[in-house]
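Read off the chains here:
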Amino acid sequence: MIRGVQEVRLVGENIEPGVFKLSDALRIADEQELDLVEISPNADPPVCKIMDYKKFVYEQKKRDKALKAKSTQVVVKEIRFGPQTDEHDYEFKRKNAEKFLKEGSKLKAFVFFKGRSIIYKDQGQILLLRLATDLEEYGKVEAMPVLEGKRMIIFIAPKKKK
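Residues numbered from 1 in each chain as written. Predicted model: local features only at pLDDT ≥ 70, side-chain atom pairs only at ≥ 80, totals over all residues. Heavy atoms only, no water.

### Digging into the sheet that holds strand S4 (residues 47–51)
Okay, step 1: Taken in spatial order, the four strands line up as S2-S1-S4-S3 in an open sheet, and their pairing is mixed. A single partner strand is all that each edge strand has here, and the edge strands are strand S2 (18–21) and strand S3 (35–40). Each neighbouring strand pair of the sheet contributes to a mean axis angle of 45°, computed without reference to strand direction.
Okay, step 2: Note that strand S1 (residues 7–12) and S4 share four bridges and pair parallel. Bridge pairing links Arg9 to Val47 in S4.
Okay, step 3: Sitting on the sheet, helix H1 (residues 22–31) is in contact with S1, S2, S3 and S4, with an inclination near 100° to S2. (Pairing = 2+ DSSP bridges. Helix = DSSP H or I, 4+ residues; strand = E, 2+ residues; numbered from the N terminus. Axes fitted to C-alpha atoms, helices over the stretch in contact; angles between N-to-C directions. Contact = heavy atoms within 4.5 Å.)

Following this line, the structure appears as structure tokens:
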């Protein structure tokens, strides 16, 4: 509802643009069986448009839905290592990481330190850097290995397809 003004600037289809009294603008909208919608309340006088408001809202939702459908969801896959992961386990997890990056998912690889294994921080860092170099052709490192609590984490993003 438009309140506190006597005159409005009217725009819209099938209307001569100009400044009208509020009562006249409402009458014109009523004659066309449309709604008087305030577009710019801060203008002097406020700008109003004659349109079908329900149709406008419907089309706006439709546009938003189409934009949402086009946007891509970023999926983050995780791979967990221990500080002393043996060769076979490493190769198995590297192949999974390679598959995730080929799918277009981001990769979060981390080394989890249990108990006193935190003394092997350098082994964990070496392991993550080795993984990053092995996956170089499939993804690029977003963040170098960082120790957060009992985890050392590295992020790898997939390379864009050409």
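This is not the end of the story, as more comes after the structure.
### Details of helix H2 (residues 53–70)
Okay, step 1: In this model H2 runs 26 Å from its N-terminal to its C-terminal C-alpha over 18 residues, within 8% of the 26 Å that 1.5 Å per residue would give.
Okay, step 2: With zero of 18 residues buried, H2 lies mostly on the surface of the structure. (Expected span 1.5 Å × (residues − 1). Buried < 20%, exposed > 50% of the residue type's maximum accessible area, 1.4 Å probe, protein only.)

### Re the pairing of S3
Okay, step 1: As judged from the five bridges shared by S3 and S4, these two strands associate in the antiparallel manner. Bridge pairing in S4 links Asp35 to Met51.
Okay, step 2: Connecting S3 to the next strand, S4, in antiparallel fashion are six residues.

### Observations concerning the packing of aromatic side chains
Okay, step 1: Tallying each qualifying case throughout the model produces two aromatic pairs.
Okay, step 2: For the cation-ring pair, Arg80 lies above Phe112, with the distance from its terminal atom to the ring centre recorded as 4.6 Å.
Okay, step 3: Seen from the ring of Phe110, Arg151 lies directly overhead, with NZ or CZ sitting 3.9 Å from the centre. (Phe/Tyr/Trp six-rings, centres within 6.5 Å; stacked < 30°, edge-to-face > 60°. Lys NZ or Arg CZ within 6 Å of the ring centre and 35° of its normal.)

### Regarding unusual backbone geometry
Okay, step 1: Of note, the bond from Asp44 into Pro45 is cis; its omega dihedral lies within 30 degrees of zero at -5°.
Okay, step 2: On the secondary structure map, Pro45 appears in the loop between S3 and S4.

### Description of the pattern of salt bridges
Okay, step 1: According to the stated counting rule, one finds nine salt bridges in the structure shown.
Okay, step 2: Residue Glu31 pairs with Arg27 through a salt bridge whose shortest N-O separation is 2.9 Å. Remark: Arg27 and Glu31 occur in helix H1; sequence separation between them is four residues, near one turn of the helix.
Okay, step 3: In this structure Glu31 comes out as exposed when scored by relative accessible area, which is 56%.
Okay, step 4: Among the salt bridges present, the one from Glu142 reaches Lys106, with a minimum N-O distance of 3.3 Å. Residue Glu142 is found in strand S7 (residues 139–148), and its partner Lys106 is found in strand S6 (residues 106–112); the two are separated by 36 residues along the sequence.
Okay, step 5: The partly exposed category is assigned to Glu142, whose relative accessible area is 45%.
Okay, step 6: Overall, Lys106 belongs to the partly exposed group, its relative accessible area being 26%.
Okay, step 7: Each member of the salt-bridge network shares a partner with another, and the members are Glu87, Glu91, Arg94, Glu98, Lys102 and Arg130. (Salt bridge = Lys/Arg side-chain N within 4 Å of Asp/Glu carboxyl O.)

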